Amino acid sequence: MEFLIIIISAIFVNNILLSQFLGICPFLGVSNKLSTATGMSGAVCFVITFATLVTFLINKFLLVPFQLEFLQTIAFILVIAALVQMVEIVLKKISPSLYSALGIFLPLITTNCAVLGVALNVVTKEFTFGGEAHMLGLVEAVVYAFATALGYGLAMVLFAGLREHLSMNSVPKSFKGVPIALITASILAMAFMGFSGLV
């Protein structure tokens with residue numbers, strides 16, 4: 001039951017893009033095409049999940065025992081940067097078209113605050129299950145990270161679909177581009193607020 005609460009909460013109720021506003025740069029920058037948004041979502045999903053796993057272990061077995069918690073942010077940024085380099089190398093070999101389509105936004109995953117935000121949430125935030133607050137264990141942390149990444153991907157793909165649909169419609173000149181994208185994002189965020197009573 002705890003895992004179901006974590007998953008529903010991370011994907012719908014506390015969506016990292018639409019309720020916490022983390023990772024907005026790629027959300028607005030890569031969401032012009034559905035294919036690019038899907039590829040970016042996949043890359044971010046992998047990086048968030050794997051980075052959370054690695055940073056959780058580094059924090060638990062290295063930083064906390066040696067009382068080096070003040071180095072969390074720096075250590076986590078270094079881990080995320082290394083993982084993004086790995087993803088970049090793999091994408092270049094496996095899917096050169098997706099690699100070129102993502103362009104500058106792939107290295108931007110390194111500075112994507114959603115990735116760092118999830119890693120820091122896992123090690124610092126206390127989660128409440130059944131009225132009892134406790135820190136997440138390793139399996140719960142990975143499930144939370146993966147569900148959060150799925151929520152990120154869901155928001156990206158929905159937004160990209162809406163933007164593609166809007167590009168085929170006649171939008172007033174003053175609203176074309178970023179203004180209509182921001183209005184669409186705000187309406188999407190309000191739609192996700194409907195899930196707030198779920199958990």
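Please read these numbers as outputs of a predicted model, since none were measured by experiment.

## Observations regarding the nonpolar core
Then comes step 1: Grouped together as the largest cluster of nonpolar side chains are 53 residues, with contacts concentrated most on Leu18, Phe27, Ile109, Val122 and Met156.
Then comes step 2: Listed by contribution, the elements that provide at least two residues to this core are α1 (2-13), α3 (34-63), α4 (72-94), α5 (96-102), α6 (113-124), α7 (138-167) and α8 (178-193).
Then comes step 3: Beyond its immediate chain neighbours, meaning those up to four positions away, Leu18 contacts Phe27, Ala155, Ala185, Leu188, Ala189 and Phe192.

## Notes on a nonpolar patch on the surface
Then comes step 1: Residues Phe175, Ile183, Ile187, Met190 and Met193 make up a contiguous nonpolar surface patch of about 500 Å² in total accessible area.
Then comes step 2: Examined against the element boundaries, Phe175 turns out to sit in the loop between α7 and α8.
Then comes step 3: The class of Phe175 is partly exposed, set by a relative accessible area of 37%.

## A word on the packing of aromatic side chains
Then comes step 1: Counted under the stated rule, the structure contains five aromatic pairs.
Then comes step 2: Consider the rings of Phe12 and Phe195, whose centres lie 4.8 Å apart with planes at 40°: the pair is tilted. One end of the pair, Phe12, is in helix α1; the other, Phe195, is in the segment after α8, and 183 residues separate them in sequence.
Then comes step 3: Judged by its relative accessible area of 29%, Phe195 falls in the partly exposed class.
Then comes step 4: Taking the centre distance of 5.7 Å and the plane angle of 10° together, the rings of Phe46 and Phe50 count as stacked. Residue Phe46 and its partner Phe50 are located together in helix α3, separated by four residues, close to a single helical turn.
Then comes step 5: Since its relative accessible area comes to 39%, Phe46 is described here as partly exposed.

## Looking at the packing of α3 against α6
Then comes step 1: As a packed pair, α3 and α6 sit with axes 9 Å apart at the nearest point and diverge in direction by 40°. What the angle tells us is that α3 and α6 run oblique. Considering how the two elements wind past one another, α3 and α6 form a crossing that is right-handed. Together, Val47, Ile48, Ala51, Thr52, Thr55, Phe56 and Asn59 of α3 and Val115, Val118, Ala119, Val122 and Val123 of α6 make up the contact between the two elements.
Then comes step 2: In terms of residue class, the contact of α3 with α6 is built from nine nonpolar, three polar and no charged.

## Structural notes on the side chain of Asn59
Then comes step 1: Following the sequence through the fold, Asn59 ends up in helix α3.
Then comes step 2: Look past the residues within four positions of Asn59 in its chain and what remains in contact with it is Val64, Pro65, Gln72, Phe76 and Val123.

## Topic: the packing of α3 against α4
Then comes step 1: Viewed as axis vectors pointing N to C, α3 and α4 meet at an angle of 140°, and their least axial separation amounts to 9 Å. Looking at the two axes, α3 sits oblique to α4. In the crossing of α3 with α4, the sense of the turn from one axis to the other is right-handed. Two secondary-structure elements touch here, α3 through Ala43, Phe46, Val47, Phe50, Ala51, Val54, Thr55, Ile58, Asn59 and Leu63 and α4 through Gln72, Ala75, Phe76, Val79, Ile80, Leu83, Val84, Met86 and Val87.
Then comes step 2: When its residues are assigned to classes, the contact of α3 with α4 shows 16 nonpolar, three polar and no charged.

About the cut-offs
Residue numbers restart at each chain and count upward from 1, following the sequence in its written direction. Local features are withheld for residues below a pLDDT of 70 in this predicted model, meaning they are given only at 70 or higher, and side-chain atom pairs are given and counted only at 80 or more; totals for whole chains, interfaces and linings count all residues. The side-chain values count all of the structure's non-hydrogen atoms but skip hydrogen atoms and water molecules. Residues enter a nonpolar core if they are buried and are Ala, Val, Leu, Ile, Met, Phe, Trp, Tyr or Cys, with the set joined through side-chain atoms within 4.5 Å. Buried means the residue's accessible area, taken with a 1.4 Å probe over protein chains only, is under 20% of the maximum for its type, while exposed means over 50%, and partly exposed covers the values in between. A run of H or I in DSSP counts as a helix once it spans at least four residues, and a run of E counts as a strand once it spans at least two, with each numbered from the N terminus. Note on contacts: a residue pair qualifies if any of its non-hydrogen atoms lie within 4.5 Å across the two residues. Distance thresholds for patches are 9 Å for like charges and 5 Å for nonpolar side chains (Val, Leu, Ile, Met, Phe, Trp, Tyr), applied to residues having over 30% relative accessible area and no salt bridge. Calculation of accessible area relied on Shrake-Rupley with a 1.4 Å probe; when residues are assessed, cover is drawn exclusively from the protein chains displayed. In the sections that follow, a salt bridge refers to a side-chain nitrogen of Lys or Arg positioned within 4 Å of a carboxyl oxygen of Asp or Glu. Here is the rule: rings of Phe, Tyr and Trp (six-membered ring for Trp) pair when centre to centre is within 6.5 Å. Planes less than 30 degrees apart are stacked, more than 60 are edge-to-face, and the remainder are tilted. Structural elements are reduced to axes, namely lines fitted to C-alpha atoms, with helices fitted over the stretch in contact, and the angle between N-to-C directions of any two is expressed from 0 to 180 degrees. Orientation categories follow fixed angle ranges, with anything under 35 degrees roughly parallel, anything over 145 roughly antiparallel, 65 to 115 roughly perpendicular, and all other angles oblique. Two helices that cross are described as forming a left-handed crossing if the nearer one is turned anticlockwise from the farther one by less than a right angle, and a right-handed crossing if clockwise. All residues other than Ala, Val, Leu, Ile, Met, Phe, Trp, Tyr, Cys, Pro, Asp, Glu, Lys and Arg, Gly among them, are scored as polar; the first ten of these are nonpolar and the last four charged.

Interpretation in functional terms is not warranted from these geometric data alone.
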